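As a plain string of letters, each chain reads:
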Amino acid sequence: MRLSLACLTKPILHGYFRSSCSWRVRIAFALKGIEFDHLPVNLIKDGGQQLTDQYKALNPMQQVPAVQIDGITLSQSLAVIQYIEETRPGPRLLPADPKKRAQVRMISDLIASGIQPMQNLYVLQKIGAEKLQWGQHFIQRGFEALEPILKETASKYCVGDEISMADICLVPQVYNAERFKVDVDQFPTIKRLNQTLMKVDAFKLSHPSCQPDTPADIRT
Ligand SMILES: O=C(O)/C=C\C(=O)CC(=O)CC(=O)O
(Lines give C-alpha, C1' and ligand atoms only; values in the text may rest on other atoms or scores of the structure.)
Protein backbone atom coordinates (compact mmCIF):
# COMPACT_ATOMS: atom_id res chain seq x y z
CA MET A 1 0.00 0.00 0.00
CA ARG A 2 1.28 3.49 -0.82
CA LEU A 3 0.80 6.07 1.86
CA SER A 4 1.14 9.71 0.93
CA LEU A 5 3.31 11.83 3.23
CA ALA A 6 0.31 13.96 4.11
CA CYS A 7 -1.39 10.93 5.70
CA LEU A 8 1.54 10.41 8.03
CA THR A 9 1.33 13.83 9.66
CA LYS A 10 -1.09 14.41 12.50
CA PRO A 11 -4.14 16.53 11.67
CA ILE A 12 -4.12 20.03 13.15
CA LEU A 13 -7.29 21.28 14.76
CA HIS A 14 -7.62 25.06 14.92
CA GLY A 15 -10.30 25.35 17.55
CA TYR A 16 -11.53 26.94 20.74
CA PHE A 17 -12.25 25.05 23.94
CA ARG A 18 -15.83 26.31 24.27
CA SER A 19 -16.84 26.25 20.62
CA SER A 20 -19.44 23.54 20.19
CA CYS A 21 -18.35 22.94 16.60
CA SER A 22 -14.72 22.44 17.67
CA TRP A 23 -15.95 20.04 20.34
CA ARG A 24 -17.78 18.00 17.67
CA VAL A 25 -14.48 17.47 15.86
CA ARG A 26 -12.66 16.59 19.08
CA ILE A 27 -15.30 13.93 19.85
CA ALA A 28 -14.99 12.44 16.36
CA PHE A 29 -11.19 12.30 16.60
CA ALA A 30 -11.46 10.68 20.02
CA LEU A 31 -14.02 8.09 18.87
CA LYS A 32 -11.81 7.14 15.92
CA GLY A 33 -8.65 7.18 18.06
CA ILE A 34 -6.99 9.82 15.87
CA GLU A 35 -4.20 11.85 17.45
CA PHE A 36 -4.15 15.50 16.50
CA ASP A 37 -2.34 18.73 17.28
CA HIS A 38 -4.43 21.49 18.78
CA LEU A 39 -3.81 25.11 17.77
CA PRO A 40 -6.07 27.30 19.89
CA VAL A 41 -7.87 30.24 18.29
CA ASN A 42 -9.15 32.51 21.05
CA LEU A 43 -12.51 33.86 19.88
CA ILE A 44 -12.58 36.57 22.56
CA LYS A 45 -8.98 37.71 23.13
CA ASP A 46 -7.65 40.67 21.09
CA GLY A 47 -11.15 41.16 19.63
CA GLY A 48 -11.11 37.60 18.27
CA GLN A 49 -8.13 35.80 16.79
CA GLN A 50 -10.44 34.28 14.15
CA LEU A 51 -10.72 37.75 12.63
CA THR A 52 -7.00 38.09 11.82
CA ASP A 53 -5.83 37.99 8.20
CA GLN A 54 -3.68 35.00 9.07
CA TYR A 55 -6.70 32.96 10.20
CA LYS A 56 -8.88 34.27 7.39
CA ALA A 57 -6.43 32.75 4.94
CA LEU A 58 -7.07 29.39 6.60
CA ASN A 59 -10.84 29.74 6.92
CA PRO A 60 -12.42 32.60 4.96
CA MET A 61 -15.59 32.27 7.13
CA GLN A 62 -13.44 33.31 10.12
CA GLN A 63 -14.96 30.65 12.34
CA VAL A 64 -13.65 27.63 14.15
CA PRO A 65 -12.95 24.84 13.60
CA ALA A 66 -10.54 24.57 10.72
CA VAL A 67 -8.71 21.29 10.28
CA GLN A 68 -5.55 20.67 8.30
CA ILE A 69 -5.58 17.04 7.32
CA ASP A 70 -3.99 14.96 4.56
CA GLY A 71 -2.76 18.07 2.75
CA ILE A 72 -6.09 19.90 2.65
CA THR A 73 -7.80 22.40 4.92
CA LEU A 74 -11.39 21.77 5.88
CA SER A 75 -13.76 23.99 7.77
CA GLN A 76 -17.32 23.01 8.73
CA SER A 77 -17.40 20.33 11.39
CA LEU A 78 -19.78 17.96 9.60
CA ALA A 79 -17.53 17.93 6.53
CA VAL A 80 -14.56 17.12 8.76
CA ILE A 81 -16.44 14.34 10.54
CA GLN A 82 -17.60 12.80 7.26
CA TYR A 83 -14.10 13.04 5.79
CA ILE A 84 -12.54 11.14 8.68
CA GLU A 85 -15.40 8.65 8.51
CA GLU A 86 -14.57 8.00 4.87
CA THR A 87 -10.79 7.81 5.30
CA ARG A 88 -10.11 6.40 8.77
CA PRO A 89 -10.78 3.04 10.37
CA GLY A 90 -12.44 2.69 13.74
CA PRO A 91 -16.05 2.75 14.86
CA ARG A 92 -18.53 3.86 12.22
CA LEU A 93 -19.89 7.38 12.75
CA LEU A 94 -22.68 6.95 10.18
CA PRO A 95 -24.77 3.76 10.16
CA ALA A 96 -24.62 1.38 7.20
CA ASP A 97 -28.41 1.27 6.86
CA PRO A 98 -29.58 4.07 4.49
CA LYS A 99 -32.63 4.96 6.59
CA LYS A 100 -30.64 5.22 9.79
CA ARG A 101 -27.92 7.10 7.94
CA ALA A 102 -30.48 9.63 6.71
CA GLN A 103 -31.83 9.99 10.25
CA VAL A 104 -28.32 10.67 11.54
CA ARG A 105 -27.86 13.35 8.88
CA MET A 106 -31.29 14.83 9.62
CA ILE A 107 -30.53 15.20 13.33
CA SER A 108 -27.02 16.48 12.67
CA ASP A 109 -28.29 19.09 10.21
CA LEU A 110 -31.14 20.10 12.49
CA ILE A 111 -28.56 20.99 15.13
CA ALA A 112 -25.70 22.19 12.93
CA SER A 113 -27.84 24.28 10.55
CA GLY A 114 -31.06 24.88 12.48
CA ILE A 115 -29.91 25.65 16.01
CA GLN A 116 -26.21 26.34 16.51
CA PRO A 117 -25.75 29.03 13.83
CA MET A 118 -28.55 31.09 15.41
CA GLN A 119 -26.70 31.27 18.73
CA ASN A 120 -23.09 31.49 17.62
CA LEU A 121 -20.80 34.26 18.70
CA TYR A 122 -20.96 36.27 15.47
CA VAL A 123 -24.75 36.35 15.39
CA LEU A 124 -24.99 37.25 19.08
CA GLN A 125 -22.49 40.07 18.63
CA LYS A 126 -24.74 41.49 15.90
CA ILE A 127 -27.83 41.20 18.13
CA GLY A 128 -26.32 43.40 20.84
CA ALA A 129 -28.55 43.31 23.92
CA GLU A 130 -31.00 40.42 24.40
CA LYS A 131 -28.28 37.89 23.60
CA LEU A 132 -29.45 35.43 26.25
CA GLN A 133 -33.12 35.56 25.19
CA TRP A 134 -32.17 35.24 21.51
CA GLY A 135 -30.02 32.18 22.10
CA GLN A 136 -32.60 30.65 24.43
CA HIS A 137 -35.38 31.13 21.88
CA PHE A 138 -33.61 29.28 19.10
CA ILE A 139 -32.34 26.46 21.28
CA GLN A 140 -35.80 26.02 22.84
CA ARG A 141 -37.44 26.01 19.40
CA GLY A 142 -34.90 23.54 18.05
CA PHE A 143 -35.15 21.20 21.03
CA GLU A 144 -38.97 21.22 20.76
CA ALA A 145 -38.50 19.78 17.26
CA LEU A 146 -35.64 17.49 18.18
CA GLU A 147 -37.34 15.82 21.16
CA PRO A 148 -40.14 14.06 19.19
CA ILE A 149 -37.70 13.14 16.42
CA LEU A 150 -35.30 11.53 18.89
CA LYS A 151 -38.20 9.77 20.61
CA GLU A 152 -38.74 7.96 17.30
CA THR A 153 -35.11 7.30 16.32
CA ALA A 154 -33.31 6.75 19.62
CA SER A 155 -32.51 3.58 21.40
CA LYS A 156 -29.37 3.73 23.56
CA TYR A 157 -28.05 6.60 21.40
CA CYS A 158 -29.65 9.16 19.06
CA VAL A 159 -30.21 6.64 16.27
CA GLY A 160 -30.32 3.04 17.44
CA ASP A 161 -27.56 1.52 19.53
CA GLU A 162 -24.45 2.86 17.80
CA ILE A 163 -22.85 6.20 18.57
CA SER A 164 -23.06 8.39 15.47
CA MET A 165 -22.54 11.88 14.12
CA ALA A 166 -25.96 12.76 15.57
CA ASP A 167 -24.65 12.10 19.10
CA ILE A 168 -21.54 14.11 18.30
CA CYS A 169 -23.80 17.07 17.47
CA LEU A 170 -26.23 16.56 20.36
CA VAL A 171 -23.90 16.70 23.36
CA PRO A 172 -22.22 20.06 22.57
CA GLN A 173 -25.65 21.55 21.81
CA VAL A 174 -26.93 20.43 25.22
CA TYR A 175 -23.87 22.09 26.75
CA ASN A 176 -24.87 25.30 24.95
CA ALA A 177 -28.48 24.90 26.10
CA GLU A 178 -27.22 24.82 29.67
CA ARG A 179 -25.06 27.90 29.03
CA PHE A 180 -28.14 29.71 27.73
CA LYS A 181 -30.20 28.50 30.70
CA VAL A 182 -32.66 26.43 28.68
CA ASP A 183 -34.30 23.92 31.03
CA VAL A 184 -33.27 20.57 29.52
CA ASP A 185 -35.66 18.75 31.92
CA GLN A 186 -38.41 19.69 29.45
CA PHE A 187 -36.85 17.26 26.97
CA PRO A 188 -36.55 13.83 28.63
CA THR A 189 -35.13 12.01 25.59
CA ILE A 190 -32.47 14.68 24.96
CA LYS A 191 -31.61 14.68 28.65
CA ARG A 192 -31.34 10.90 28.87
CA LEU A 193 -29.17 10.65 25.74
CA ASN A 194 -26.85 13.40 26.97
CA GLN A 195 -26.41 11.68 30.33
CA THR A 196 -25.62 8.36 28.63
CA LEU A 197 -23.15 9.93 26.20
CA MET A 198 -21.37 11.97 28.86
CA LYS A 199 -20.27 8.68 30.42
CA VAL A 200 -18.36 7.78 27.24
CA ASP A 201 -14.61 8.62 27.35
CA ALA A 202 -14.51 10.30 23.92
CA PHE A 203 -17.13 12.79 25.10
CA LYS A 204 -15.55 13.32 28.51
CA LEU A 205 -11.96 13.81 27.31
CA SER A 206 -13.02 16.31 24.66
CA HIS A 207 -15.18 18.38 27.04
CA PRO A 208 -14.60 22.17 27.06
CA SER A 209 -13.65 22.02 30.75
CA CYS A 210 -10.38 20.18 30.08
CA GLN A 211 -8.82 21.41 26.83
CA PRO A 212 -5.33 22.89 26.43
CA ASP A 213 -6.83 26.38 26.04
CA THR A 214 -9.41 26.08 28.84
CA PRO A 215 -8.77 29.02 31.21
CA ALA A 216 -7.50 27.92 34.63
CA ASP A 217 -10.47 29.40 36.51
CA ILE A 218 -13.00 27.17 34.77
CA ARG A 219 -10.82 24.11 34.28
CA THR A 220 -11.99 20.96 36.03
O1 LIG B 1 -16.53 31.74 24.82
C2 LIG B 1 -17.39 32.36 24.22
O3 LIG B 1 -18.35 32.85 24.82
C4 LIG B 1 -17.29 32.53 22.77
C5 LIG B 1 -17.62 31.70 21.81
C6 LIG B 1 -18.28 30.46 21.98
O7 LIG B 1 -18.67 30.09 23.06
C8 LIG B 1 -18.50 29.62 20.79
C9 LIG B 1 -19.73 29.97 20.05
O10 LIG B 1 -19.75 30.81 19.21
C11 LIG B 1 -20.94 29.23 20.39
C12 LIG B 1 -20.99 27.83 19.90
O13 LIG B 1 -19.97 27.18 19.72
O14 LIG B 1 -22.08 27.32 19.71
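The structure displayed is predicted, hence computed values, not measured ones.

The positions UniProt marks with the feature "domain: GST N-terminal" (unreviewed entry) are residues 9-92. Helix makes up 36% of residues 9-92 and strand 19%, and the two end C-alpha atoms of the span are 22 Å apart.

Note that strand β1 (residues 12-15) and strand β2 (residues 37-40) share four bridges and pair parallel. Bridging across to β2, Gly 15 finds its partner in Pro 40. Crossover β1 to β2 through helix α2 (residues 20-32) is right-handed.

Among the residues of helix α9 (residues 188-197), those classed as buried are Thr 189, Ile 190, Leu 193, Asn 194 and Leu 197. Take α9 and look down its axis: the buried residues cluster within an arc of 130°, on one side only. Along its buried surface, α9 packs onto α7 (131-153), α8 (165-179) and α10 (201-205).

So, about the nonpolar core. One finds Leu 31, Phe 143, Leu 146, Leu 150, Leu 170, Ile 190 and Phe 203 to be the most contacted residues of the largest nonpolar core, which totals 52 residues. Elements with a minimum of two residues in this core: α2, β3 (66-69), α4 (77-87), α5 (98-115), α7, α8, α9 and α10. Top element by residues in this core is α8. It accounts for nine residues. Mapped onto the domain boundaries, this core takes at least three residues apiece from domain 1 (11-91) and domain 2 (98-204).

Below, the discussion takes up the layout of surface pockets. If you roll a probe as big as a water molecule over the atoms, it shows you where there is empty space left. Taken as a whole, the largest pocket spans an internal volume of roughly 900 Å³. Taken together, 34 residues line the largest pocket, and the ones lying closest to its centre are Leu 43, Gln 116, Asn 120, Leu 121 and Tyr 122. Looking at the lining of the largest pocket, the elements that each hand over two or more residues are α2, α4, α6 (121-127), α7 and α8. Here the lining of the largest pocket is composed, by residue class, of 16 nonpolar, 14 polar and four charged. Mapping the lining of the largest pocket onto the domain boundaries places at least three of its residues in each of domain 1 (11-91) and domain 2 (98-204). In this structure, the second largest pocket spans a volume of roughly 170 Å³. Secondary structure elements with two or more residues in the lining of the second largest pocket: β2 and α3 (53-58). A per-element tally of the lining of the second largest pocket places α3 first, with three residues. When its residues are assigned to classes, the lining of the second largest pocket shows five nonpolar, four polar and no charged.

Spatial strand order, β2-β1-β3-β4: four strands in an open sheet with mixed pairing. Both edges of this open sheet fall to β2 and β4 (72-75), since each of them pairs with a single strand only. Ignoring which end each strand starts from, the neighbouring axes of this sheet average 20° apart. Relative to β3, β1 runs antiparallel, the two sharing three bridges. Looking at the pairing, Ile 12 lines up with Gln 68 of β3. The strands touched by α2 within the sheet are β1 and β3, with β1 carrying the most contacts at an inclination of about 155°. Contacting β3 and β4, α4 crosses the sheet at an angle of about 130° to β4.

This part takes up the packing of aromatic side chains. In the structure shown here, the tally under the stated rule is five aromatic pairs. Pairing Trp 23 with Tyr 175 gives two aromatic rings, centres 5.5 Å apart and planes at 85°, and the pair type is edge-to-face. Placement of the pair is Trp 23 in helix α2 and Tyr 175 in helix α8, with a sequence separation of 152 residues. Residue class for Trp 23 comes out buried when judged on its relative accessible area of 1%. Ring geometry for Trp 134 against Phe 138: centres 5.1 Å apart, planes inclined by 55°, an arrangement best described as tilted. One end of the pair is Trp 134 and the other is Phe 138, both in helix α7 and four residues apart, which spans about a single turn. A relative accessible area of 30% places Trp 134 in the partly exposed class.

The rules behind these values
The numbers attached to residues start from 1 for each chain and follow its sequence in the written order. The predicted origin of the model limits local features to residues at a pLDDT of at least 70 and limits the giving and counting of side-chain atom pairs to 80 or more, whereas totals for whole chains, interfaces and linings rest on all residues. Side-chain numbers come from the whole structure's heavy atoms, not from hydrogens or water. UniProt positions are given in the numbering used here, feature names are shortened, and annotations may be inferred rather than shown by experiment. Helix and strand definitions here come from DSSP, where helices need a minimum of 4 consecutive H or I residues and strands a minimum of 2 consecutive E residues; each element is numbered from the N-terminal end. Pairing between strands requires that DSSP locate at least two bridges from one strand to the other. Handedness rule for crossovers: strands pointing away from the viewer, path from the first strand over the helix to the second running clockwise, crossover right-handed. Any residue under 20% of the maximum accessible area for its type is buried, any over 50% is exposed, and the rest in between are partly exposed; the area is computed with a 1.4 Å probe on protein chains only. Regarding the arc, it is the one traced by the directions from the helix axis to the C-beta atoms. Only heavy atoms matter for contacts: two residues are in contact if any of them lie within 4.5 Å across the pair. For this analysis, a nonpolar core means a set of buried residues of the types Ala, Val, Leu, Ile, Met, Phe, Trp, Tyr and Cys, connected via side-chain atoms within 4.5 Å. Segmentation of the chain into domains, including their bounds, is taken from an automatic or database domain assignment. As defined here, a cavity is a set of points on a 1 Å grid over the protein atoms alone where a 1.4 Å probe fits but cannot get out. A pocket is an open set with protein on both sides within 12 Å along at least five of seven lines, and residues line them when an atom is within 4 Å of a point. Grid points are joined across faces, edges and corners, and a volume is the space filled by probe spheres set on the points. Here the nonpolar group is Ala, Val, Leu, Ile, Met, Phe, Trp, Tyr, Cys and Pro; Asp, Glu, Lys and Arg are the charged ones; every other residue, Gly included, is treated as polar. In this analysis, axes come from line fits to C-alpha atoms, helices being fitted only over the stretch in contact, and the angle between any two N-to-C directions falls in the range 0 to 180 degrees. Any Phe, Tyr or Trp ring, taking Trp's six-membered ring, that has another such ring centre within 6.5 Å forms a pair; planes under 30 degrees apart are called stacked, those over 60 apart edge-to-face, and the others tilted.

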